[in-house]
Amino acid sequence: MRGVHSAVDEIRRSVFAEVARLAYEGFESGDYSAVNDIPYTIIPGAVAHHRSDVFLERAIVYSRVMLALGMPLTPEGKRTRLSDRMKEVAAADDKYFEEPLVNIIPFACNACPPKQLRISDNCQGCISHPCMNVCPKNAITLDKYKHCHIDQDKCIKCGKCASQCPYHAISKIERPCAAACGMDAIESDELGRAKINYDKCVSCGMCLVNCPFAAIADKSQIFQVITAMQRKHEVIACVAPAFVNQFGPDATPARLKAAMRTLGFADVVEVAIGADLCTIEEAKDFLEEVPAKQPWMGTSCCPAWSVMAKKLFPQFKDYISMALTPMVITARMVKKEHPDARICFIGPCAAKKLEANRRSVRSDVDYVLTFEELRGMFDAKDVDFSKIEENPADDFTEGSATGRGFAVGGGVAAAVAEVLKEIAPDRHVDIDYGDGLKECRKMLMLAKAGKRDGYLLEGMACPGGCVAGAGTIAPVMNSMANVRKYKAAAPKKTALESKYQDRLEEVEERGLEDD
């Protein structure tokens, strides 16, 4: 489903564009009452396009607008107007949203069936009926027409029958959101609709981009970012290296920086700078900790992977590197030079929104936007990258090739290994990489069994790495190819060529703050 443009993408992007337009135009007029018109702007007319009626379509857009404004969803059965809360929202341009980040809009959920094995009309009622023979629970029976049926109460979903059917008549049905969730956090409410178990959820966002009914959305700070810029606050954007190709082939780094200034950003900094310093720090951590103090080390930059590891394998919490993430390092460097500025991280990741808001480590990040949300701002301002004059001085040149490579799965561990090769050439390092949370869990099970001793383990919650994050726009495979080209074009090749190495200590000295 990822990478195939759909009506769901249009709904998401239209909401972001209209909320951004409201923020720009409403500030100038001082009137935000137009927020009530957004559902009618996005869903015009009297005929529904995707649902049973147009009123349901508008109600779903209404709820998505609430989340895009950073509001909590209104409980079912209660009625409120969006404009009734706009004064509160508009006043709080420095406020994080309240958790939960990822939300299911109940009446938008299709109540898809939980995991099942089903037999289609392709069943031929064959004499050998291997499906019945391999079923460990005798859940398959023949009717009088010699057609097989599965007793769902007996079925344990092992899939043995499907693998044996010579006609491929048996298929596994599973909620797309649940299938995409690596934490088994998708459950059912009393009406059979999906609900999130937040004790398990790590806010990776894979459920929201895999729901084909646009029933899942995360909260946004798009309105707050624009309002802060309209109030003349200095807002500096820190852009993750996965940006390559997200806004089309005309959106070169230099044009992207110029376009972002038209949105109101004071400056734009590449997060590959922070990735370089994170690489150096993790290489040092590995040399000091493995195997002297711990059997293996995990990388730190993916917050969803890190939280998952600590939730499911608490005995390994100290084995995840304590190095600051590229987002935090970059933000702290910018904050050091611009203490009064507000920092906006822009990247592919939903979970970064929670990382910025955590209390255990001060992030120095005031806002987090995804590429999709930034696209909404470009749409609101009618930005056409092909018409932007490119200034070579605006190009990104300070991050290294390996720092840019953080955007693709395996890139973090490869960057660390490259530094280790230079600073400790006699030290061998084995690497393993978890591609998505399900694979990360398997990797940690191997570590638990003692089969990853001496390893550097890289975990990425999104299959494919950051380029596949919940806030990306471009097809994953295209993004991978474009990031690799961008990486190859970097003037600096490894993190050790960074001119900011001496800044690492002062960045770390900004330190911890109490919960």
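Being a predicted model, the structure only gives us computed values, none of them experimental. (Residues numbered from 1 in each chain as written. Predicted model: local features only at pLDDT ≥ 70, side-chain atom pairs only at ≥ 80, totals over all residues. Heavy atoms only, no water.)

Enquirer: Which residues make up the environment of Ala-59, and what values do they have?
Expert: Locating Ala-59 in the fold gives a position in helix α3 (residues 54-68). Residue classification places Ala-59 among the partly exposed residues on the basis of a relative accessible area of 27%. On a C-alpha basis, the gap between Ala-59 and Asp-84 in space is 16 Å, while along the polypeptide they are 25 residues apart. (Helix = DSSP H or I, 4+ residues; strand = E, 2+ residues; numbered from the N terminus. Buried < 20%, exposed > 50% of the residue type's maximum accessible area, 1.4 Å probe, protein only.)

Enquirer: How would you explain the nonpolar core if you had to name every residue and give the values?
Expert: Phe-223, Met-260, Phe-265, Ile-346 and Met-377 are the most contacted members of the largest nonpolar core, which has 160 residues in total. Counting residues in hydrophobic clusters, the runner-up holds 14 residues, among them Cys-131, Cys-148, Ile-150 and Cys-155. (Core = buried A, V, L, I, M, F, W, Y, C linked by side-chain atoms within 4.5 Å.)

Enquirer: Give me the lowdown on unusual backbone geometry, citing residues and values where you can.
Expert: Following Glu-99, the chain continues to Pro-100 via a peptide bond in cis, the omega torsion being 10 degrees. Inspection of the secondary structure assignment puts Pro-100 in the loop between α4 (86-91) and β1 (102-104). With an omega dihedral of 0 degrees, the bond running from Val-290 to Pro-291 counts as a cis peptide bond. On the secondary structure map, Pro-291 appears in the loop between α11 (272-289) and β11 (297-298).

Enquirer: Explain the environment of Leu-312 to me, and be specific about the residues and the numbers.
Expert: Inspection of the secondary structure puts Leu-312 in helix α12 (residues 303-312). Residue classification places Leu-312 among the partly exposed positions, given a relative accessible area of 35%. Separated by 129 residues in sequence, Leu-312 and Arg-441 place their C-alpha atoms 8.4 Å apart.

Enquirer: Could you give an account of the pattern of salt bridges, naming the residues involved and the relevant values?
Expert: Side chains bearing opposite charge may pair, as long as their charged atoms lie close to each other. Taken as a whole and assessed by the stated rule, the structure comprises 26 salt bridges. The partner of Asp-432 in a salt bridge is Arg-452, and the shortest N-O contact between them spans 2.8 Å. Taken as a pair, Asp-432 in strand β14 (residues 430-435) and Arg-452 in the loop between α18 (437-448) and β15 (455-460) lie far apart in primary sequence, 20 residues in all. Each member of the pair, Asp-432 together with Arg-452, is buried. (Salt bridge = Lys/Arg side-chain N within 4 Å of Asp/Glu carboxyl O.)

Enquirer: Outline helix α9 (residues 222-230), supporting the account with residue identities and numerical values.
Expert: Across the nine residues of α9, nine count as buried, placing the element largely inside the fold. Along α9, the residues classified as buried are Ile-222, Phe-223, Gln-224, Val-225, Ile-226, Thr-227, Ala-228, Met-229 and Gln-230. Downstream of α9 by a residue or two, Lys-232 has a phi angle that is positive, lying close to 70 degrees.

Enquirer: Describe the packing of aromatic side chains, with residues and values.
Expert: A complete count under the given rule lists 11 aromatic pairs for this structure. Geometrically, the ring pair formed by Phe-243 and Tyr-486 is edge-to-face, given 5.5 Å between the ring centres and 80 degrees between the ring planes. Of this pair, Phe-243 sits in the loop between β9 (235-239) and α10 (253-263) while Tyr-486 sits in helix α19 (residues 476-488); the two residues are 243 residues apart in sequence, bridging distant segments of the chain. The burial state of Phe-243 is the same as that of Tyr-486; both residues are buried. Put simply, the rings of Phe-247, Phe-371, Phe-378 and Phe-385 touch in pairs and so form one group of aromatic residues. Between the NZ or CZ atom of Lys-381 and the centre of the ring of Tyr-24, over which it lies, the distance is 4.4 Å. Its end group placed over the ring of Tyr-486, Arg-404 keeps NZ or CZ at 3.7 Å from the ring centre. (Phe/Tyr/Trp six-rings, centres within 6.5 Å; stacked < 30°, edge-to-face > 60°. Lys NZ or Arg CZ within 6 Å of the ring centre and 35° of its normal.)

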